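Understanding the architecture of this molecule
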Amino acid sequence: MIEVEGLWKAFGRQVVLRGVDLTVPAGSITVIIGRSGGGKSVLLKHLLGLLRPDAGRVRVGGVELTALRGEALDRVRRRYGVVFQGGALFDSMTCWANVAFPLREKLRLPPAEVAARVAQALEQVGLGGMGHKYPAEISGGMRKRVAIARALVTEPEIVFFDEPTTGLDPILVNTIHGLILSLHRRLGFTAVMVSHEIPEIFEIADRVAMLHDGRIVEVGPPAAIQASTNPVVRGFIRGEPEALAT
Amino acid sequence: MADAAVPPLLRPFEATGRWTLALLDALGRFAVFFGEALVAAVTPPLKVRALVDRIHYIGYRSLLIIVLTGAFTGMVLGLQLYLTLSRFGSEAFLGPAVALALIRELGPVLSALMVTGRAGSALTAELGIMRITEQIDALTVMALSPVRYLVTPSILAGLISFPLMAGIFDLVGIVGGYLVGVELLGLSYGTYFGEMQTFVRFDDLMTGFWKSVCFGVLVTWVCTYKGFHVGHGAEGVARATTQAVVLSSVLVLVWDYFMGSVLP
């Protein structure tokens with residue numbers, strides 16, 4: 001579904017991605033792990049078309065994303081749902097209006113259908129009855145759940161999660177992960193998640209890819225990653241900084 | 001090219017060249033940004049609700065400051081011009097002097113500066129915060145144009161609101177001049193308004209109108225651009241807000257001179 005080939009990106013003299021290669025199979029949940037500041041969000045932004053690489057390419061469903069602009073790029077993006085790290089909810093709108101926004105503006109659905117789907121989406125994330133609140137009036141965990149509802153309400157083919165559980169308590173981390181997993185089973189979307197919630201992500205991921213020093217150093221099922229003999233991967237999973245200094 | 005590769009004697013030239021290229025690059029991006037907003041303004045769908053909201057934000061919520069500033073500007077004009085004109089025995093021309101000063105210059109310029117400080121800064125800050133909290137990216141990845149939703153309504157609202165604010169400023173200022181000149185200093189009501197009708201022409205009104213239209217576009221263009229291209233974090237937003245207000249204010253004064261020298 002998504003193929004990344006030889007992606008390079010530098011900001012000034014700082015090289016962040018050094019030839020990233022990654023394949024995300026259709027219908028899978030692929031989690032990208034790695035150190036903070038290691039380029040995971042930069043890689044994600046390339047998949048969203050928000051950044052252009054210095055070299056390499058990104059293909060989505062066989063279409064080369066990196067060569068597209070304008071309406072052609074938007075055609076690919078219409079297949080996306082995105083949950084940003086902070087939720088990125090629109091401050092000036094209620095939670096209900098936030099979730100309704102892509103239905104009204106992207107899909108142009110009639111008001112009755114919008115109302116029905118928004119109510120269902122908020123119920124699915126456990127926030128039925130909270131639609132009238134503004135983002136500033138709800139907790140961080142609730143904002144993440146509204147963001148998930150907004151990303152999934154259009155039933156996209158591909159969903160990107162940028163650190164969806166960062167800053168949340170362990171109970172909420174498991175709640176959010178459980179929510180993503182149940183929605184994935186119901187809707188069957190392809191998911192790409194950036195996270196460093198070790199070991200929780202191993203319970204929801206189909207594949208885990210470790211980004212280190214600008215490259216994917218290992219990719220595979222969770223069990224294979226957990227049993228990896230690669231010192232960088234083992235060190236990261238165990239939280240051993242000296243192993244990543246090599 | 002790294003500085004180390006450039007001979008020391010040539011480094012000032014290299015730095016000047018780099019600065020010039022950076023300035024041209026920034027001007028180009030600034031122009032492209034306006035071009036995108038213009039295309040969104042003339043192609044459907046126009047975001048009418050967002051436009052009405054922006055008119056309320058930029059225009060209606062600036063009313064109080066416009067009325068206050070207009071009133072005191074008119075009163076100061078009434079006082080100072082009466083004192084000056086009375087030296088030449090020309091107090092009878094107080095009405096047209098106050099009106100012309102307000103309609104041609106002070107109304108458009110001062111109302112633009114007041115709205116820049118109040119609404120322009122808020123516009124930059126709002127868009128800047130939306131940028132750093134990824135709300136603008138959220139619109140982009142929904143395949144929706146952030147320029148169409150956030151910038152074009154603001155620029156159109158500026159185009160509509162600024163002439164209205166200038167008009168209100170002029171009216172209130174003329175009343176302020178009346179209060180000082182007629183009620184306080186004893187000029188006759190008939191002289192104040194009668195001479196005003198004789199000397200204020202339609203051309204003067206159009207000069208003020210076109211100035212305020214230009215100011216409305218300039219201020220909203222600069223403020224939305226600065227908010228859209230904000231740097232990182234709260235410091236980036238603060239810096240962008242300050243730059244937006246300063247640049248908008250300077251451009252208003254510069255463009256005012258240019259239009260004053262071109263228009264009748």
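Model, not experiment: these values are computed from the prediction.

1. Describing the sheet that holds strand β6 (residues 80-83) of chain A
Residues and elements named next belong to chain A.
- In space, the six strands of this open sheet follow the order β6-β7-β8-β3-β9-β10, with mixed pairing throughout. For this open sheet the edge positions go to β6 and β10 (215-220), each flanked by a neighbour on one side alone. When the angles between neighbouring strand axes are averaged without regard to direction, this sheet yields 15°.
- Relative to strand β7 (residues 158-162), β6 runs parallel, the two being bridged by four bridges.

2. Regarding the domain arrangement of chain A
Residues and elements named next belong to chain A.
- Its domain assignment divides chain A into domain 1 (2-79 + 157-244) and domain 2 (90-155).
- A straight line from the C-alpha centre of domain 1 to that of domain 2 covers 25 Å.
- The interface of domain 1 with domain 2 comprises ten residues on the first partner and ten residues on the second.
- The biggest single contributor to the side of domain 1 that touches domain 2 is helix α6 (residues 170-187), with five residues.

3. Focus: the interface of chain A and chain B
- Facing 14 residues of chain A, the contacting portion of chain B comprises ten residues.
- Listed by contribution, the elements that provide at least two residues to the side of chain A that touches chain B are α2 (70-77), β6 and α3 (95-105) of chain A.
- When grouped by side-chain class, the residues that make up the side of chain A that touches chain B number eight nonpolar, one polar and five charged.

4. Considerations on the packing of helix α4 (residues 94-132) of chain B against helix α6 (residues 146-184) of chain B
Residue and element names in this part refer to chain B.
- At a minimum axis separation of 7 Å, α4 and α6 run at an interaxial angle of 140°. Judged by the inter-axis angle, α4 sits oblique to α6. Judged by the twist between their axes, the crossing of α4 over α6 is right-handed.
- A per-class count over the contact of α4 with α6 returns 17 nonpolar, six polar and one charged.

5. Structural notes on the sheet that holds strand β1 (residues 2-11) of chain A
Residue and element names in this part refer to chain A.
- Spatially, the four strands line up as an open sheet ordered β2-β1-β4-β5, and their pairing is antiparallel. The sheet is open, and its two borders are formed by β2 (14-24) and β5 (63-64), each paired with just one other strand.
- Of the strand pairs in this sheet, β1 and strand β4 (residues 55-60) are connected by five bridges, and their pairing is antiparallel. Bridging from a neighbouring strand, E5 pairs with R57 of β4.
- Set on the sheet, helix α1 (residues 40-47) makes contact with β1, β2 and β4; between it and β2 the angle comes to about 60°.

6. A few points about the nonpolar core
- Grouped together as the largest cluster of nonpolar side chains are 126 residues, with contacts concentrated most on V82, V99, V118, A149, F160 and M210 of chain A.
- With 15 residues, α4 of chain B is the largest single contributor of residues to this core.
- When we break this core down by domain, the ones giving at least three residues each are domain 1 (2-79 + 157-244) and domain 2 (90-155) of chain A.
- Beyond its immediate stretch of four places on either side in the chain, A149 of chain A contacts V99, A121, L122, Q124 and V125 of chain A.

7. Examining the packing of α4 of chain B against helix α9 (residues 233-262) of chain B
Residue and element names in this part refer to chain B.
- Put simply, α4 and α9 touch, their axes get as near as 9 Å, and they point 150° apart. One finds that α4 runs roughly antiparallel with respect to α9. Judged by the twist between their axes, the crossing of α4 over α9 is right-handed. Here V109, A112, L113, T116, G117, G120, S121, T124, A125, G128, I129 and I132 of α4 lie close against α9, whose contacting residues are G233, G236, V237, A240, T241, A244, V245, S248, S249, V252 and D256.

8. Quick notes on the confidence of the model for chain A
- Across chain A, the average pLDDT comes to 90, with 98% of residues at or above 70.
- The secondary structure element of chain A with the lowest average pLDDT is helix α9 (residues 241-244) of chain A, at 58, and the one with the highest is α3 of chain A, at 95.

9. Quick look at helix α1 (residues 11-42) of chain B
- If you check α1 of chain B, its first and last C-alpha atoms are 47 Å apart, about what 32 residues at 1.5 Å a residue would give, namely 46 Å.
- Where burial is concerned, little of α1 of chain B is hidden: two out of the 32 residues are buried.

Rules and cut-offs
Residues numbered from 1 in each chain as written. Chains lettered and ligands numbered in written order. Predicted model: local features only at pLDDT ≥ 70, side-chain atom pairs only at ≥ 80, totals over all residues. Pairing = 2+ DSSP bridges. Helix = DSSP H or I, 4+ residues; strand = E, 2+ residues; numbered from the N terminus. Axes fitted to C-alpha atoms, helices over the stretch in contact; angles between N-to-C directions. Domains from an automatic or database assignment. Contact = placed C-beta atoms within 7 Å. Nonpolar A, V, L, I, M, F, W, Y, C, P; charged D, E, K, R; others polar. Parallel < 35°, antiparallel > 145°, perpendicular 65-115°, else oblique. Left-handed = near helix turned anticlockwise from the far one by under 90°. Core = buried A, V, L, I, M, F, W, Y, C linked by C-beta atoms within 7 Å. Buried ≥ 20, exposed ≤ 12 C-beta atoms within 10 Å, placed from the backbone. pLDDT = per-residue confidence, 0-100. Expected span 1.5 Å × (residues − 1).

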